[in-house]
Amino acid sequence: MPVSIDVGDVIAGLAFLLSAYATWQTVSFNKKQRALVESQEKLNNRLLEKESEDSLKEKRADLGASFIKLGSSKYRLKIWNKGAATARNVRLEFPEGNDVVIDSDVADKFPLESLEKHQSVELIAAVHMQTKRKHVVRLIWEDEAQAYNEKLSYPTL
């Protein structure tokens, strides 16, 4: 009994194979598309996080303190703002006691109403042989980001 191949059956078989290939390609494309969308979502989320961090940095003041030497025996305690925003109601405390900065100078200048970006204030330091070399200064201020900021600084002579 001879096997007869019908042209219609061959065309139907080829159409079936072509359809299976097209379905496989579509599934593969959809997987790649999903991976691309997920990648774009992650990137967008990271960009949003970075943007919010940058926005917050622009609203923050960053205060610090250090001793500076003027001439051979004159010293100043310099309080400075290296942040991007203005610090308001700046206060200064010495948690371990103050034996170096003149109290009347602190009382005259602090609390400081505002300390602009890159602005500083200097306090007269009375340094003698028994003055300890390392001091603790607590800086407290307000800025656009927070109503209460606190930072410990450890200036050394």
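Everything here concerns the structure above.
Residues numbered from 1 in each chain as written. Predicted model: local features only at pLDDT ≥ 70, side-chain atom pairs only at ≥ 80, totals over all residues. Heavy atoms only, no water.

1. Focus on the overall build of the chain
Reasoning step 1: The helix and strand inventory of the chain stands at two helices and seven strands.
Reasoning step 2: Computed over C-alpha atoms, the radius of gyration of the chain comes to 35 Å, more than 25% over the 15 Å expected from 2.2 N^0.38 for 157 residues, which places it beyond the range of a compact globule.
Reasoning step 3: Its C-alpha atoms give the chain principal-axis dimensions of about 120 × 30 × 25 Å.
Reasoning step 4: Residue burial in the chain is summarised as follows: out of 157 residues, 23% are buried.
Reasoning step 5: Taking as baseline every contact in the chain between residues at least 6 positions apart, the subset at least 24 positions apart corresponds to 60%.
Reasoning step 6: When the accessible surface of the chain is totalled, it reaches about 11,200 Å², and 55% of it is carbon and sulfur.
Reasoning step 7: Of the side chains in the chain, 23 bear a positive and 23 a negative charge, and the two mean positions are spaced by 7 Å. (Helix = DSSP H or I, 4+ residues; strand = E, 2+ residues; numbered from the N terminus. Rg over C-alpha atoms; globule rule 2.2 N^0.38 Å. Buried < 20%, exposed > 50% of the residue type's maximum accessible area, 1.4 Å probe, protein only. Contact = heavy atoms within 4.5 Å. Areas by Shrake-Rupley, 256 points an atom, 1.4 Å probe, with all protein chains shown as cover. Lys, Arg positive; Asp, Glu negative; His and termini not counted. Charge placed at Lys NZ, Arg CZ, Asp CG, Glu CD.)

2. Description of a nonpolar patch on the surface
Reasoning step 1: Where nonpolar side chains cluster on the molecular surface, the patch consists of I5, V10, L14, F16 and L17 and spans about 570 Å² of accessible area.
Reasoning step 2: Within the secondary structure layout, F16 lies in helix α1 (residues 7-58). (Patch = residues over 30% accessible without salt bridge, like charges linked within 9 Å, V, L, I, M, F, W, Y side chains within 5 Å. Salt bridge = Lys/Arg side-chain N within 4 Å of Asp/Glu carboxyl O.)

3. Focus on the side chain of T131
Reasoning step 1: Tracing the backbone shows T131 in the loop between β5 (120-125) and β6 (137-142).
Reasoning step 2: A polar side-chain atom of T131 sits 2.9 Å from the main-chain amide nitrogen of H128.
Reasoning step 3: If we skip the residues at most four places from it in the chain, T131 touches V100, A126 and L157. (Polar contact = N/O pair within 3.5 Å; in protein donor to acceptor, adjacent residues only side chain to side chain.)

4. A look at the environment of F110
Reasoning step 1: With respect to the helices and strands, the residue F110 is situated in the loop between α2 (103-109) and β4 (112-115).
Reasoning step 2: Judged by its relative accessible area of 9%, F110 is buried.
Reasoning step 3: A sequence separation of 21 residues divides F110 from N89, and the C-alpha atoms of the two residues are 8.5 Å apart.
Reasoning step 4: Leave out the neighbours within four places in its chain, and F110 touches I79, V90, R91, L92, V121 and L123.

5. Some remarks on the sheet that holds strand β3 (residues 87-93)
Reasoning step 1: Taken in spatial order, the four strands of this open sheet run β4-β3-β6-β7, and their pairing is antiparallel. At either end of the open sheet lies a strand with only one pairing partner, and these are β4 and β7 (149-153). Each strand of the sheet is rotated relative to its neighbour by a mean of 35 degrees, with strand direction disregarded.
Reasoning step 2: As paired strands, β3 and β4 are joined by three bridges and run antiparallel to one another. Paired with A87 across the bridge in β4 is L115. (Pairing = 2+ DSSP bridges. Axes fitted to C-alpha atoms, helices over the stretch in contact; angles between N-to-C directions.)

6. Quick look at the pairing of β7
Reasoning step 1: Bridge count for β6 against β7 is five bridges, and the pairing is antiparallel. If you follow R138 over to β7, its bridge partner there is L152.
Reasoning step 2: A loop of six residues connects β6 with β7, the two strands running antiparallel in sequence.

7. Considering the nonpolar core
Reasoning step 1: Core analysis: the largest hydrophobic core is formed by 23 residues, its most contacted members being L77, I79, V90, L92, F110 and L139.
Reasoning step 2: The contacts of L139, once residues within four sequence positions are left out, are L63, G64, A65, I79, R91, L92, N149, E150, K151 and S153. (Core = buried A, V, L, I, M, F, W, Y, C linked by side-chain atoms within 4.5 Å.)

Shape is all these values report; function is a separate question.
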